[in-house]
Amino acid sequence: MKHLDEYRAGPRVKALAEEIHRQATFPLRFMEVCGTHTHAIAKWGLRQLLPETIELISGPGCPVCVTANTDLDLAIAAARLPEVTIATFGDMVRVPGSHSTLAQERARGSDVRVVYSPLDALDLAGSAPRRPVIFLGVGFETTAPTVAATVLEARKRGIDNFFVLSLHKTVPLALEVLLELGEVRLDGFLMPGHVSVVLGSAPYEFIPARYGLGCVVAGFEPVDILQSTLMLVRQAREKKPQVEIQYRRGVTKAGNEAARRIMAEVFAPAEADWRGLGRLPGTGLVFRTDWKCFDAVSAFNLTVPPGREAPGCRCGEVLRGVLRPPACPLFGSVCHPEAPVGPCMVSSEGSCAAAWREAR
Ligand code: SF4
């Protein structure tokens, strides 16, 4: 990994930054729809390389952040079940639900393990066949196919103590809802690279067609993000909004059909609860009938009352791009990475955590 200064002094970064300064002669506001982009923009200090005419704002692209409190409460309810192991990606452990976190449940004796892939969770289940292992399925189209493939593998290996709490979400329809809300004036989107590896770029074509906004599928290195920004600037200058792929080493127009097929074999579209956007039909993934035996909600009859938001937390508005994190009254005072009030301050991909890092 190159050092930040090495990158920022590099000739390609310099040339791209200079060209953006030359071309962005009028105010432009672009939304990045991917938590990894939010993280990279803060990590590499890319805002400081852009002219004042360009504003980058974060959208609903951090999967942990958009997980509603009711769903976090379901995960916590699962952790409180006796003799059960919860396996999850690390960010979920510290995210506050309505009344607790998985870290607090672990401190009270629950078995909550951090894993790096769903297959790790399956291995856990395979190594202790009498103990149920519930994997928390949080993520977008990037994660869902690997979870679906793990479920196929579980059946192949005959492992029947592996379950998934499917809190997955899918991106394109949520963007349509965001655009229909019309709360934020935008000039284009930096589209998620990882999600688009699976989806392809074709599902975004409704955005230039119906809303007149450009989309560039971007990679994650500083040069990728700057080059994608420049492509959006050019589209805006020429008034020719379209879907372009900057991240050509990973993304095609058609995407990964095999991954989508596996996802569709195991999961069906369903309503999902998004922090900041509410309940959106067709943006979640539930188990199809043939695979229902892996569904943690039905296997353990998990139910919780509607979630409660932390008083004063404005994560919903941050995720819709209508509020910059420092404008939240709790930012940096009672809410900071050591004592996060909302998920956007917990996840490394969260907008508030990124803004905190940038401010320092
Ligand atoms: Fe929520 Fe903290 Fe961000 Fe405010 S600063 S929106 S309380 S996470």
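Everything below is about the structure printed above this text.
Residues numbered from 1 in each chain as written. Predicted model: local features only at pLDDT ≥ 70, side-chain atom pairs only at ≥ 80, totals over all residues. Heavy atoms only, no water.

### A look at the site of the ligand
Moving on, step 1. By nearness alone, every residue bordering the ligand is listed as C313, R314, C315, C328, L330, F331, C335, V341, G342, M345 and C352.
Moving on, step 2. When its residues are assigned to classes, the shell around the ligand shows nine nonpolar, one polar and one charged. (Near = heavy atom within 4 Å. Nonpolar A, V, L, I, M, F, W, Y, C, P; charged D, E, K, R; others polar.)

### Focus on helix α3 (residues 35-43)
Moving on, step 1. Among the nine residues that make up α3, seven are buried, leaving the element largely enclosed by the rest of the structure.
Moving on, step 2. By the burial criterion, the buried members of α3 are G35, T36, H37, T38, A40, I41 and A42.
Moving on, step 3. Looking at the buried side of α3, the elements it contacts are β1 (28-32), β2 (54-58), β7 (188-191), α10 (193-199), α12 (222-238) and α16 (351-359).
Moving on, step 4. Downstream of α3 by one or two residues, G45 has phi in the positive range, about 60°. (Buried < 20%, exposed > 50% of the residue type's maximum accessible area, 1.4 Å probe, protein only. Helix = DSSP H or I, 4+ residues; strand = E, 2+ residues; numbered from the N terminus. Contact = heavy atoms within 4.5 Å.)

### Structural notes on the pattern of salt bridges
Moving on, step 1. On inspection of all chains with the given rule, the structure shows 23 salt bridges.
Moving on, step 2. Between E55 and R324 there is a salt bridge, and its shortest N-O distance comes to 3.3 Å. Within this pair, whereas E55 is found in strand β2, its partner R324 is found in the loop between α15 (315-319) and α16, the two being separated by 269 residues in sequence.
Moving on, step 3. As a salt-bridge pair, R210 and E176 come within 2.7 Å of each other at their nearest N and O atoms. In this pair, R210 sits in helix α11 (residues 206-211) while E176 sits in helix α9 (residues 172-181), placing the two residues 34 residues apart along the sequence.
Moving on, step 4. Residue E176 is classed as partly exposed on the basis of its relative accessible area of 23%. (Salt bridge = Lys/Arg side-chain N within 4 Å of Asp/Glu carboxyl O.)

### Here we look at empty space enclosed by the protein
Moving on, step 1. Within this structure, the stated rule accounts for three cavities of 30 Å³ or more.
Moving on, step 2. Its volume calculated, the largest cavity comes out at about 120 Å³.
Moving on, step 3. Surrounding the largest cavity, 17 residues form its lining, R47, S58, R324, P325 and S351 being those nearest its centre.
Moving on, step 4. Every element with two or more residues in the lining of the largest cavity is listed here: α3, β2 and α16.
Moving on, step 5. Per element, the largest residue contribution to the lining of the largest cavity is four residues, and it comes from α16.
Moving on, step 6. A class-by-class count of the residues in the lining of the largest cavity yields nine nonpolar, four polar and four charged.
Moving on, step 7. Lining of the second largest cavity is provided by 13 residues; of these, C313, C315, C328, C335 and C352 occupy positions nearest its centre. (1 Å grid on protein atoms, 1.4 Å probe; cavity = no way out; pocket = protein on both sides within 12 Å on 5 of 7 lines; lining within 4 Å. Points joined across faces, edges and corners; volume = space filled by probe spheres on them.)

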